[in-house]
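Structural description and commentary
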Amino acid sequence: MNEGRREIVQLVFALVGIIFIIKLFFVQVLDNRYAELADGNAILREVEYPFRGLIYDRNNKLIVYNTPEFDIQVIIKEVKNFDSARFCTVFELSREELRARFKEMKARKEYSPFKPTLFLNQLSNIDFARVQDHLDEFPGFYIQARTTRAYQSPTLANALGYVSEISKENLARDASGIYKQGDYVGQSGIESFYEEQLRGKRGVRFKLRNVKGIEKGSFKNGEYDTLSTPGANLYTGIDIDLQQYGEFLMKGKAGSIVAIEPASGEILSLVSGPSYDPALLTGRNYSSNFKLISNDTLKPLFNRPLMAQYRPGSIFKIAQAMTALQEKVITPDTRIRCDRTIINCHGAHTNEDLRGAIANSCNPYFHNVLRRMLNKGIVNDPFEDTRIGLEEWNKHITSFGFGKRLGIDLPNEKDGLIPTPAYYDRAYRNRPWKFSNIYSIAIGEGENLVVPIQMANFAATIANRGYYYTPHLVKAIGENGKPLPQYLERHYTTIDSSYFVIAVDAMQKVVEEGTGQYRARLADVMVCGKTGTVQNAPPLFDHSVFIAFAPRDNPKIAISVYVEDAGQGARAAASIASLMIEKYLFGGTKRPHIEQYVLNNKFE
Amino acid sequence: MSREADISGKLDWVSVLLYAAMVGLGWLNIFAAVYDETANQSIFDLSLNSGRQLMFIAAAVVIILAIIIIDMRFYEAFAFIFYAIILVILVMVPLIGKEVGGNKSWIGVGSFGVQPSEFAKFITALAVAKFIGSVGFRMDSLRNQAVLFAMILFPLALILLQKDFGTAIVFLSFLVVFYREGMSPFILIVGISMAALAILTLIVKNQWYLHGIIGAVVVVLIFFGKRTVKRITTLIFGALILILTIESFDYVINNVLPERHKKRLEALVNPNFDPMGINWNVTQSKIAIGSGGFSGKGFLKGTQTKFDFVPEQSTDFIFCTIGEEHGWIGTLLVVALFVFFLQRIIFIAERQKNRFARAYGYSVASIFFFHFAVNIGMTIGLFPVIGIPLPFFSYGGSALWSFTVLLFILLKLDAHRSQVLQRI
């Protein structure tokens, strides 16, 4: 009766063992989730945020530095006996804010109740001191110290950019895997362009902890720990005093000032008006301030030196002159009658040579010059002839750095526009066009568009008599470092340097006896410049433009000034340019009346 | 007496070696479970569980020597008396006992506490075996079966009164002994089916699936077996009883139980339910074992157990330490050791020449098996969390001594098997 029962019992015993072994094989060998979960349990990953690199000016004056701030993180699983009323009092939050924060936190994709999650960010030193003493009332809440940006003076905001939490889109785009949600990243300006150099390397410490969160020493004796490396300091070519002075002069105006050291391409100042205080975009109030600044109708976040595309106006005549000389359609002595029936002009002059035409900014002269360039009679068809001439012309003009972004070390630089035959084909929808359709480009109006940095670079190119270094802000990455390699390369124009001498002569004449003489001339140094008055749609005033460099020989500074809606170039722009040159070369102005003129005149 | 004691040649050394291996491994893992790298600790430190376990092991050796020296006839002769005494003690425990970890199963002896319920296991085994081995015992007698069930239900009920559910249901393992000695498997099958159905009712939300399956099984059984009237009626009646059971379970669960009890029950049968709440223990236990991988993190290198993520890490959840530090290789070895050990005990039981010794042997095998299956099953989420120790591995004096006595009485009987009259 009981036969086989022994075997059944033995079989059941063995079977259970086999089931265990199979299940254990699944749990231990095939399923890797448990190992991760175990690490998540016992290993506390402490990130050590490196110091972001500092930013200095050309005289080693500190512009941007770091100041401590504190994030509050929470591990939900460790929160016990949470007194929300007390928490709200200590952290100065409303109940709704508290609830919203918890909700937002739990909605994040990487949220886990076992991992430290960002709860409140960017407490300042003062907030922190208040909160610190009470933190032990709230188990599960931890402090993560990091640093935020601080500024010596409220200047240079658009060039410096700002640092803020990485956006969801950028996080998704980040292939390097360096950033996590809640990390801070440079968002514009130098902070963004040099993010890689500035951010340094994060350190990580792995610590073991028990179920109560009490630390139990380092994980594998620190084998996997890394030290944080601070970011590289950046030494810019900015002269912070000059920069401040420029912003002071631009107060209440829209426009830009770009000053470059011609011999190196280093940017001495990059003024965008109107601007904002960079300190507004740091700390806990970043979001509310950002909303205010970005909604401002004056667009203070619009970085005019790089992003505003203007018609260049008469300053363009210098480029036209050199192109014409290079193409040998005129000589410096070519005289052309100021025929105001074709195109209007200004000032008392009748029949100037090239230098005189530049000094008086004679429109009919350059109308004629462009016709000579575009219609050389290479072919009989005037349409085809213009096309060939324009192609040549475009090649020369773009060699000055116009029409295409220069490649400055800031994001969002605009191209400007120097028209090509293909451009006019599109504009005229493939109907024929010839010189008479497009002649307004002769005097820097029409389709031409340039950005202020290109104008300054143009001034620097003339100052160098034929070449430029791509303008750049950072002259050294790290102490005794170098700039990025592309900024050590000379770019030559297609124009012989002998023709530049003629341009220089002409620009000297502009300041000595031409349109710019009254406000641009300095007693102690020879300034070479060119005015521009760019047509604006009435009832708005014309834009006031001036480019210059000084001294004439061995120039130290090249500058472009563009003041929107401020009338003739000889007024606001020429004044500002000369004051900037004076400030840079001599430390201050001897002409307070000019300074007063710039500051107090409404330019209407 | 001295002739009696000198049985070294007849002792089953395979079992002794397996016993020694398991106790030794258990001791090392108890140290690993509480090891704190930052404190410079010794495995012999008496303030640690491992140090105390070593004392318990030493005491166990004394107990073994005593068992071997005592006359083998003693155990059978005094079985009923012991049984009566332990019942009295079990009655008294809730009155004089102290509460440890939610149950009142401990009574104090000096600074050490002991759990009488642990000793009830081998005493009940001896009594049950003696009854089965008695002259004229027939398993098919209903009266005898009633006596046997009473013998296991008394201690079971008394231990339940101490709120020690785990130890109480260990006494169900005697059903295996009854089965081996001739009890109809019907009761076993019905019992297991009822338990399975109760669990299925909780897991399967729509009980009509279960009804369908039962119906299909009955139809198949009728179709393929002998089609006698008696068999068909039995099958249909059985099916009806099962369906009725399901319906009543369902009714109780959905209409009688409050929601939180229902959750608790659901968590009990389904280890994957609410992993971060009610089933936190199982989740952490699986994490610890699973994180060991193929070959483990190495001796004393585990993090989950020694940092208290796993509860009761040196007692009921000692298997987690093995799994974490020695990986699948380690757990495979331990499971294999147990399976081999259990087969060896069955082998020993079967070579006994009287029913008493054989029934006792099966009791030993069943009790070890029950602990092994429930304990490991619980740590890997195959079984509800029921706190019973893993024999020889778990920390604790009472359990170790009780298991030692259980095993070595069998080995003592086995050593003298040629001296007894055949009574099978």
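Residues numbered from 1 in each chain as written. Chains lettered and ligands numbered in written order. Predicted model: local features only at pLDDT ≥ 70, side-chain atom pairs only at ≥ 80, totals over all residues. Heavy atoms only, no water.

Per the secondary structure count, chain B includes 17 helices and three strands. Counting only residues that meet the buried cut, chain B has 54% of its 424 residues in that class. The contacts in chain B between residues at least 6 apart in sequence include a share of 70% that link residues at least 24 apart. Total accessible area on chain B stands at roughly 18,600 Å², and carbon and sulfur atoms take up 71% of it. (Helix = DSSP H or I, 4+ residues; strand = E, 2+ residues; numbered from the N terminus. Buried < 20%, exposed > 50% of the residue type's maximum accessible area, 1.4 Å probe, protein only. Contact = heavy atoms within 4.5 Å. Areas by Shrake-Rupley, 256 points an atom, 1.4 Å probe, with all protein chains shown as cover.)

Counting secondary structure elements, chain A contains 23 helices and 20 strands. Seen through its principal axes, chain A has C-alpha atoms that stretch 130 × 60 × 45 Å. A buried classification covers 53% of the 604 residues belonging to chain A. For chain A, restricting intrachain contacts to residue pairs at least 6 apart in sequence, the fraction spanning at least 24 positions comes to 70%.

On to the domain arrangement of chain B, then. Here chain B is described as being made up of domain 1 (2-180 + 274-419) and domain 2 (195-256). For domain 1 of chain B versus domain 2 of chain B, the distance between C-alpha centres works out to 36 Å. (Domains from an automatic or database assignment.)

So, on to the nonpolar core. In this structure, B:Phe178, B:Tyr360, B:Phe368, B:Phe372 and B:Phe392 are the most contacted members of the largest nonpolar core, which totals 122 residues. Aside from chain neighbours lying at most four places away, what touches B:Tyr360 is B:Phe122, B:Ala125, B:Leu126, B:Ala129, B:Val405, B:Leu406, B:Ile409, B:Leu410 and B:Leu413. In this structure, A:Ala159, A:Leu374, A:Leu410 and A:Val534 belong to the second largest nonpolar core, which totals 93 residues. (Core = buried A, V, L, I, M, F, W, Y, C linked by side-chain atoms within 4.5 Å.)

Another aspect to go through is the domain arrangement of chain A. Residues and elements named next belong to chain A. Taken as a whole, chain A is organised into domain 1 (44-236), domain 2 (237-282 + 289-306 + 452-604) and domain 3 (313-401 + 417-450). When each unit is reduced to the centre of its C-alpha atoms, the spacing between domain 1 and domain 2 is 39 Å. The interface of domain 1 with domain 2 comprises 26 residues on the first partner and 35 residues on the second. Each partner contributes to the roughly 2,700 Å² buried at the junction of domain 1 and domain 2, and carbon and sulfur atoms together form 60% of this total. Together, Arg-58, Asn-158 and Tyr-235 form the three largest contributors to the area buried by domain 1 at its contact with domain 2, with a combined 28%. Across the domain 1-domain 2 interface, the total number found is three salt bridges. Between Asp-241 and Lys-61 there is a salt bridge, with its nearest N and O atoms 2.7 Å apart. (Buried area = accessible area lost by both parts, 1.4 Å probe. Salt bridge = Lys/Arg side-chain N within 4 Å of Asp/Glu carboxyl O.)

Now for helix α11 (residues 286-295) of chain A. Residues and elements named next belong to chain A. Among the residues of α11, those classed as buried are Tyr-286, Asn-289 and Ile-293. For α11, the angular spread of the buried residues around the axis is 75 degrees, confining them to a single face. Away from its buried face by more than 90 degrees, α11 exposes Lys-291, Leu-292 and Asn-295. Of the surrounding elements, those touching the buried residues of α11 are β6 (163-165). (Arc of directions from axis to C-beta.)

With that settled, consider the interface of chain B and chain A. With 49 residues of chain B at the interface, the matching set in chain A holds 34 residues. Summing both sides of the interface, chain B and chain A together bury roughly 3,800 Å²; the carbon and sulfur share of this comes to 71%. Counting the surface chain B buries against chain A, the share from its top three residues, B:Tyr179, B:Phe307 and B:Trp328, is 17%. Our count for the chain B to chain A interface comes out at eight residue pairs in polar contact (both at pLDDT 80 or more). Every element with two or more residues in the side of chain B that touches chain A is listed here: α9 (174-180), α14 (280-290), α15 (318-350) and α16 (355-379) of chain B. Residues belonging to the side of chain B that touches chain A are distributed by class as follows: 27 nonpolar, 15 polar and seven charged. (Polar contact = N/O pair within 3.5 Å; in protein donor to acceptor, adjacent residues only side chain to side chain. Nonpolar A, V, L, I, M, F, W, Y, C, P; charged D, E, K, R; others polar.)

Our next topic: unusual backbone geometry. Across the chain, the bulk of peptide bonds are trans and the bulk of non-glycine residues have phi less than zero. Residue and element names in this part refer to chain A. The omega torsion across Gly-273 and Pro-274 is -5 degrees, close enough to zero to call that bond cis. Secondary-structure assignment places Pro-274 in the loop between β12 (266-273) and α11. Note that the residue after Ala-550, namely Pro-551, is joined by a cis bond; omega there is -10 degrees. Within the fold, Pro-551 resides in the loop between β19 (543-550) and β20 (557-563). Its identity as a non-glycine residue notwithstanding, Asn-554 has a phi of 55 degrees, on the positive side. Checked against the element boundaries, Asn-554 lands in the loop between β19 and β20. The exposure class of Asn-554 is exposed, given its relative accessible area of 59%.

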